[in-house]
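Survey of secondary and tertiary structure
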Amino acid sequence: MPPSPVAERFLRYVRIDTQSDPDSEATPSTEKQKDLSRLLAQELIEMGIEEAYMDDNGYVFGTIPSTLSEAQAARTPVLALLAHVDTSPDESGSGVNPIVHPSYDGGVLTLPGDPSVTLDPARQPALLDHLGHDLITSDGTTLLGSDDKAGVAVLMQLAEDLLKDRALPCPTIRLCFTVDEEIGRGVDKLDLDELNAEVAYTLDGSSTGTLSIETFNAAEAVVTVEGVMVHPGYARGIMVNAVRILSELIAALPATEAPETTAGREGYIHPHTLSEGDASQAQVRLILRDFTEEGLQRRKDLVTALADLLRTKYPKSLISLTIRDEYKNMRAYIEQSDLRVVTFAHAAARAIDLELDERLVRGGTDGARLSERGLPTPNIFNGGHDYHSKFEWNTVQNLELSLAYTKSLARYWAEHGSE
Ligand SMILES: [Zn+2]
């Protein structure tokens with residue numbers, strides 16, 4: 001493997017356990033996330049960013065000074081670049097032992113820590129686009145943590161390179177490493193005044209050459225049914241069974257609008273949790289997703305109509321429905337604020353002979369919440385694949401490409417941001 005400072009950083013950071021925990025109320029949800037945050041703040045200071053620090057919540061901030069003249073810098077937006085330190089609760093992140101497999105030949109790779117875990121192009125066809133790459137995986141007993149330590153390593157290397165070589169043009173860059181992204185709280189405690197930027201990107205997208213400016217519009221609905229319980233032996237005409245009523249509601253949801261039957265631009269209604277129910281009371285939680293506001297509203301209306309119908313059919317039951325918005329498709333917010341975050345992202349890619357592929361996120365990103373709060377924040381690639389699993393991988397070359405692209409992006413904003 002050729003010397004690659006960004007890959008070396010990545011290999012160091014993935015060994016630090018930073019798994020977040022959805023059942024914890026604290027921020028960060030696990031103290032161990034601060035182990036990496038603290039190290040990043042320290043390394044930024046050692047690079048010469050004196051004001052770098054970790055706050056009480058585990059967020060890390062630092063500034064790469066601009067190379068522009070004062071007058072030009074004043075007219076150029078401050079650029080924030082973000083990555084998250086935590087890894088997914090879906091798979092163990094404890095004792096990650098990264099392995100570099102030099103010059104991938106397209107075959108099946110068996111991971112030494114657990115021979116039942118293989119990387120197989122039959123299941124993971126993207127592997128075949130990486131022949132000759134130096135593949136990085138875990139040893140098969142844990143996830144790798146490329147999501148999002150690849151983003152973290154790229155931004156740290158960017159900082160080191162831009163500080164060392166002041167001939168590389170950049171605007172003022174605010175670096176920010178966040179916590180608890182994987183449990184949906186990545187930017188809950190992020191103070192935008194403290195971040196103090198006008199445009200932003202997250203480096204949290206899988207594969208290479210991808211740009212995401214669209215996420216779902218998301219809402220959650222909770223339906224609770226209260227029935228009437230009596231002894232089943234003497235129940236005729238009296239009992240109202242909450243389990244049956246709730247089952248009718250779930251059965252009436254369109255099967256063609258489920259996560260398992262939709263893709264691309266199609267939205268869905270997904271009943272994901274039945275709380276412990278019995279004949280006297282039962283509850284279901286559903287998530288509603290759509291790329292358009294109208295589509296989301298239609299799904300809200302459908303659930304509302306079904307609840308109304310059952311109320312009419314079972315007047316002695318008590319049916320309650322609450323619907324809560326979760327996050328919005330960031331596209332509309334990006335278009336309203338500064339569309340250059342998209343056009344410049346494409347131009348910066350073309351400058352290094354890369355064509356960006358705009359990818360829909362069938363989920364949310366921290367950038368969706370930031371865009372809604374007024375900071376336009378598309379998501380860009382970090383080279384990783386097959387997130388949240390023991391099959392996760394990245395490559396030395398992908399990390400290098402992500403770094404080269406991020407440098408090109410900085411240069412493009414420096415050279416065109418004041419126009
Ligand atoms: Zn991520």
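Only a predicted model underlies this, so the values are computations on that prediction, with no experimental measurement involved. (Residues numbered from 1 in each chain as written. Predicted model: local features only at pLDDT ≥ 70, side-chain atom pairs only at ≥ 80, totals over all residues. Heavy atoms only, no water.)

1. Let's talk about the packing of aromatic side chains
Evaluation of the coordinates by the stated rule reveals six aromatic pairs. Ring pairs connect the aromatic residues Phe-216, Tyr-268 and Phe-291, which therefore count as one cluster. Here the basic side chain of Arg-123 rests over the ring of Phe-391, its NZ or CZ set 4.7 Å away from the ring centre. One Lys or Arg, Arg-265, reaches over the ring of Phe-291 and ends 5.7 Å from the middle of that ring. (Phe/Tyr/Trp six-rings, centres within 6.5 Å; stacked < 30°, edge-to-face > 60°. Lys NZ or Arg CZ within 6 Å of the ring centre and 35° of its normal.)

2. Thoughts on the packing of helix H1 (residues 5-13) against helix H4 (residues 146-164)
At a closest axis distance of 9 Å, the pairing of H1 and H4 adopts a crossing angle of 135°. Between H1 and H4, the interaxial angle falls into the category oblique. As for the relative orientation of H1 and H4, their crossing is right-handed in sense. Residues Pro-5, Val-6, Arg-9, Phe-10 and Tyr-13 of H1 pack against Ser-146, Lys-149, Ala-150, Val-152, Ala-153, Val-154, Met-156, Gln-157 and Glu-160 of H4. Its residues assigned to classes, the contact of H1 with H4 comprises nine nonpolar, two polar and three charged. (Axes fitted to C-alpha atoms, helices over the stretch in contact; angles between N-to-C directions. Helix = DSSP H or I, 4+ residues; strand = E, 2+ residues; numbered from the N terminus. Parallel < 35°, antiparallel > 145°, perpendicular 65-115°, else oblique. Left-handed = near helix turned anticlockwise from the far one by under 90°. Contact = heavy atoms within 4.5 Å. Nonpolar A, V, L, I, M, F, W, Y, C, P; charged D, E, K, R; others polar.)

3. Quick look at the coordination of the zinc ion
Reference values for coordination geometry: four tetrahedral donors around a metal ideally subtend 109.5 degrees, six octahedral donors ideally subtend 90 or 180 degrees. Bound to the zinc ion are the protein donor atoms His-84 (NE2), Asp-147 (OD), Asp-204 (OD) and Asp-204 (OD), situated 1.9 to 2.5 Å from the metal. Seen from the zinc ion, its four donor atoms lie at angles of 54 to 145°, and the figure they make is irregular. One chain supplies every donor for the zinc ion, spaced along it as H-x62-D-x56-D. You can see His-84 sitting in strand E3 (residues 79-84) and its partner Asp-147 sitting in helix H4, a full 63 residues away along the chain. Just as His-84 is buried, Asp-147 falls in that class too. (Donors = N, O, S within 2.8 Å, 3.2 Å for Na, K, Ca; no water. Tetrahedral: all angles 85-135°; square planar, octahedral: opposite > 155°, others 65-115°. Buried < 20%, exposed > 50% of the residue type's maximum accessible area, 1.4 Å probe, protein only.)

4. Considering the pattern of salt bridges
Tallying each qualifying case throughout the model produces 28 salt bridges. Among the salt bridges present, the one from Asp-188 reaches Arg-369, with a minimum N-O distance of 2.6 Å. Of the two residues, Asp-188 is situated in the loop between strand E8 (173-178) and helix H5 (192-195) and Arg-369 in helix H10 (residues 366-372); the sequence distance between them amounts to 181 residues. Judged by relative accessible area, Asp-188 falls into the partly exposed class, the value being 41%. When its relative accessible area of 23% is taken as the criterion, Arg-369 is described as partly exposed. (Salt bridge = Lys/Arg side-chain N within 4 Å of Asp/Glu carboxyl O.)

5. Observations concerning the nonpolar core
Ranked by size, the top nonpolar core spans 76 residues in total, and within it Leu-44, Ile-173, Phe-177, Tyr-201 and Tyr-405 carry the most contacts. Ranked by the residues each element gives to this core, the list is headed by H4, at 10 residues. Residues in contact with Phe-177, not counting those within four places in the same chain, are Leu-40, Leu-44, Gly-58, Tyr-59, Val-60, Ala-83, Val-85, Val-152, Leu-155 and Met-156. Residues Ala-221, Ile-245, Leu-288 and Val-303 belong to the second largest nonpolar core, which totals 21 residues. (Core = buried A, V, L, I, M, F, W, Y, C linked by side-chain atoms within 4.5 Å.)

6. Side note on unusual backbone geometry
Most peptide bonds take the trans form, and the phi angle of most residues other than glycine is negative. In this structure, Pro-28 follows Thr-27 across a cis peptide bond, with omega equal to -5°. Turning to its location among the elements, Pro-28 is positioned in the loop between H1 and helix H2 (33-47). In this structure, the amide linkage connecting Asp-147 to the following residue, Asp-148, adopts the cis form with an omega of 10°. Tracing the backbone shows Asp-148 in helix H4.

7. Concerning the sheet that holds strand E16 (residues 379-381)
Here we have eight strands laid out as an open sheet, ordered E1-E2-E8-E3-E9-E16-E10-E15, and mixed in their pairing. Whereas interior strands pair on both sides, the edge strands pair on one side only; in this sheet they are strand E1 (53-54) and strand E15 (357-361). When strand E2 (residues 60-64) meets E8, the two strands line up antiparallel, connected through five bridges. Bridge pairing in E8 links Gly-62 to Leu-175. (Pairing = 2+ DSSP bridges.)

8. Here's the deal with the sheet that holds strand E14 (residues 318-327)
Across the sheet, which stays open at both edges, the four strands sit in the order E12-E13-E11-E14 with antiparallel pairing between neighbours. The sheet terminates laterally at strand E12 (268-275) and E14, the two strands that pair on one side only. Direction aside, neighbouring strands of the sheet carry axes that sit 20° apart on average. Bridge analysis of strand E11 (residues 217-226) against strand E13 (residues 281-290) gives 10 bridges, and the strand direction is antiparallel. Each bridged residue has a counterpart across the sheet, and for Val-225 the counterpart in E13 is Ala-282. Contacts between helix H6 (residues 242-251) and the sheet are confined to E11, E12, E13 and E14, with E13 contributing the most and set at about 15° to the helix. Along the sheet, helix H7 (residues 293-313) contacts E11, E12, E13 and E14; its crossing angle with E14, the most-contacted strand, is approximately 170°.

9. Examining H7
The α-helix winds at 3.6 residues per turn, so residues separated by three or four positions along the chain end up facing the same way. Taking 1.5 Å of rise per residue, 21 residues should cover 30 Å, and H7 covers 30 Å from first to last C-alpha, within 8% of that figure. All of the buried residues in H7 are Gly-295, Leu-296, Arg-299, Lys-300, Val-303, Leu-306, Ala-307 and Leu-310. In an axial view of H7, the angular spread of the buried residues amounts to 150°, which keeps them on one side of the axis. Looking at H7, the residues exposed on the side facing more than 90 degrees away from the buried face are Glu-294, Leu-309 and Thr-312. (Expected span 1.5 Å × (residues − 1). Arc of directions from axis to C-beta.)

10. Description of the state of the cysteines
Across all of its chains, the model carries zero disulfides by this definition. We note that Cys-170 lacks a disulfide partner, and the nearest cysteine sulfur, in Cys-176, lies 17 Å from it. Overall, the relative accessible area of 0% leaves Cys-170 in the buried class. Under the relative-accessibility criterion, Cys-176 is labelled buried at 0%. (Disulfide = S-S within 2.5 Å.)

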